Amino acid sequence: MKKILYIGNKLSKKGSTITSIETLGSFLEREGFFILSFSSFKNKILRILDMLRATFVFRNKVSWVLIDTYSTQNFYYAVAVAALCRIIKVPYIPILRGGNLPQRLDKSKKLSKNLFNGATTNVAPSQYILEEFKRRGYSKLTYIPNTIEIANYPFKIRNQVTPKLLWVRSFSEIYNPLLALEIVEILKKKGMPVSLCMVGPDKDGSLKRCEKIALDLNLPVSFKGMLKKEEWIELSTEYDIFINTTNFDNMPVSVMEAMALGLPVISTNVGGMPYLIDNDENGILLPPNNAKVFVEAIEALCNNSLKTAGISYKSRLKIEQFNWREIMAKWTRLLNT
């Protein structure tokens, strides 16, 4: 049994959303790998120290170190752990999670080259990230897309829909939750029977800002905070359309999950989204920061049951390609080398 050290933000029990360290880690364990995962410290300094400690302590006991790699502050966790791996000669594999990583490559060129060129390979979970890295001259790349366990997502076709909107993401400025409120405000002024449910933990104070705006404008918005995956999946049956308002993205699992559930997705056309959604086929892609076009797309779905049903059905078919059973072989082949 191969032992894998998985470095990432394991913070779901501390009020944050579940990340790949828990989902992918669980999948790999089922395939016979022994997974050691770090870290669950909420304090950022303690977290990076725990990551480095684990890397050193288990250096002679693991075959690989997997490192979830993001584009903001968490980028430096990956830089530090990877540097230690190179010193103690432990092979490591960054998993390129951050939708804004291309900009990080341009901003932190030396750190990026050390981190990614020193790896055995870098796993790109989307064609978008794969192509952006290639364009900047990186060659140690392996494409293994994000995955979900499709059986956990009961499909419900949507045809006759109303503007009952669902938004699932961390409340962070980069995901632009305020745009969702602007969309609701316009639909309300038009006399549409709109409602919005927003699910996710606060990251940077955006949740409080959204709550205040919704209260001040008397908007029909409910804030559920962080929910367990099973809870928001059950909640999704009460809603008709999923909106993704982000300014940066890679291959977001929340959007994949919505598509698996049969929710028509209306998303900003940023980052990896056009690699996941074929516009007007299995979802709708729109320019970012434009509430007006979102409103028009929502109205169009509400007025065209045939188109809405087609998008709902095709979105499920698309995500079935990313079922864990389909992706498993790529991970096992990589980690057994």
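Look above for the structure.
Residues numbered from 1 in each chain as written. Predicted model: local features only at pLDDT ≥ 70, side-chain atom pairs only at ≥ 80, totals over all residues. Heavy atoms only, no water.

Below, the discussion takes up the packing of aromatic side chains. Aromatic ring pairs are defined here through the distance separating the ring centres and the angle between the ring planes. Considering all chains together, one arrives at nine aromatic pairs under this definition. Aromatic side chains F116 and F133 sit 5.0 Å apart centroid to centroid with 80° between the ring planes, which places their arrangement in the edge-to-face category. Taken together, the residues span a long stretch of sequence, with F116 in helix 5 (residues 109-117) and F133 in helix 6 (residues 127-135) at a distance of 17 residues. Here F116 falls in the buried class, since its relative accessible area comes to 0%. With a centroid separation of 6.3 Å and 45° between ring planes, the pair formed by Y128 and Y275 is classed as tilted. Taken together, the positions of Y128 in helix 6 and Y275 in helix 11 (residues 273-276) put the pair 147 residues apart, joining distant regions of the chain. Judged by relative accessible area, which is 10%, Y128 ranks as buried. A residue is classified by how much of its surface remains accessible, and Y275, at 34% relative accessible area, is partly exposed. An aromatic cluster of three or more residues is present, and its members are F116, F133 and Y138. Above the face of the F56 ring, R59 is positioned so that its terminal group lies 4.0 Å from the ring centre. (Phe/Tyr/Trp six-rings, centres within 6.5 Å; stacked < 30°, edge-to-face > 60°. Helix = DSSP H or I, 4+ residues; strand = E, 2+ residues; numbered from the N terminus. Buried < 20%, exposed > 50% of the residue type's maximum accessible area, 1.4 Å probe, protein only. Lys NZ or Arg CZ within 6 Å of the ring centre and 35° of its normal.)

Take the packing of helix 7 (residues 177-189) against helix 8 (residues 206-216) next. Where helix 7 contacts helix 8, the axes come no closer than 9 Å and their chain directions differ by 15°. Taken together, the axes of helix 7 and helix 8 are roughly parallel relative to one another. Where helix 7 crosses over helix 8, the two elements pack in a sense that is right-handed. Across from P177, L178 and L181 in helix 7, the residues of helix 8 making contact are S206, C210, I213 and A214. For the contact of helix 7 with helix 8, a count of residues per class yields six nonpolar, one polar and no charged. (Axes fitted to C-alpha atoms, helices over the stretch in contact; angles between N-to-C directions. Parallel < 35°, antiparallel > 145°, perpendicular 65-115°, else oblique. Left-handed = near helix turned anticlockwise from the far one by under 90°. Contact = heavy atoms within 4.5 Å. Nonpolar A, V, L, I, M, F, W, Y, C, P; charged D, E, K, R; others polar.)

All right, on to empty space enclosed by the protein then. According to the stated counting rule, one finds one cavity of 30 Å³ or more in the structure shown. By volume, the largest cavity is sized at about 50 Å³. Elements with a minimum of two residues in the lining of the largest cavity: strand 3 (64-69) and helix 3 (75-88). Here the lining of the largest cavity is composed, by residue class, of six nonpolar, three polar and one charged. (1 Å grid on protein atoms, 1.4 Å probe; cavity = no way out; pocket = protein on both sides within 12 Å on 5 of 7 lines; lining within 4 Å. Points joined across faces, edges and corners; volume = space filled by probe spheres on them.)

Further remarks concern helix 10 (residues 253-260). Judged by how many residues are buried, helix 10 sits mostly within the fold: seven of eight residues are covered. Along helix 10, the positions that sit buried rather than exposed are S254, V255, M256, E257, A258, M259 and A260. Where helix 10 is buried, its residues contact strand 7 (164-168), helix 9 (229-236), strand 10 (241-244), strand 11 (265-268), helix 11 and helix 13 (305-320). Positive phi shows up at G262, right after helix 10, with a value of about 90°.

Turning to a negative patch on the surface, a few remarks are in order. On the surface, E230, E231, E234 and E238 cluster together into a patch of negative charge. Residue position: E234 is located in helix 9. For E234, a relative accessible area of 60% gives the class exposed. (Patch = residues over 30% accessible without salt bridge, like charges linked within 9 Å, V, L, I, M, F, W, Y side chains within 5 Å. Areas by Shrake-Rupley, 256 points an atom, 1.4 Å probe, with all protein chains shown as cover. Salt bridge = Lys/Arg side-chain N within 4 Å of Asp/Glu carboxyl O. Lys, Arg positive; Asp, Glu negative; His and termini not counted. Charge placed at Lys NZ, Arg CZ, Asp CG, Glu CD.)

Now for the environment of K10. The topology assignment puts K10 in the loop between strand 1 (3-7) and helix 1 (20-30). Put simply, K10 and S40 are 30 residues apart on the chain and 4.7 Å apart in space, counted from C-alpha to C-alpha. Sequence-distant contacts of K10, defined by excluding residues within four places in its chain, comprise I21, E22, S37, S39 and S40. A polar side-chain atom of K10 sits 2.8 Å from a polar atom in the side chain of S37. (Polar contact = N/O pair within 3.5 Å; in protein donor to acceptor, adjacent residues only side chain to side chain.)

A few words on the state of the cysteines. A full pass over the atoms with the stated rule returns zero disulfides. Distance from the sulfur of C210, which forms no disulfide, to the nearest cysteine sulfur (C197) is 13 Å. Here C210 falls in the buried class, since its relative accessible area comes to 0%. The thiol of C302 is not disulfide-bonded; the next cysteine sulfur, from C197, is found 17 Å away. (Disulfide = S-S within 2.5 Å.)

Looking only at helix 9, the buried set comprises W232, I233, L235 and S236. Seen along its axis, helix 9 keeps its buried residues to an arc of 160°; they face one direction. Counted as exposed and oriented over 90 degrees from the buried face of helix 9: E230 and E234. Check the buried side of helix 9 and you find it contacts strand 7, strand 8 (195-199), strand 9 (221-225) and helix 10. (Arc of directions from axis to C-beta.)

Below, the discussion takes up the environment of I35. As for its position among the elements, I35 is in strand 2 (residues 34-38). By relative accessible area, I35 is classed as buried at 9%. The contact partners of I35, leaving out residues within four places of it in the chain, are I4, Y6, G25, L28 and E29.

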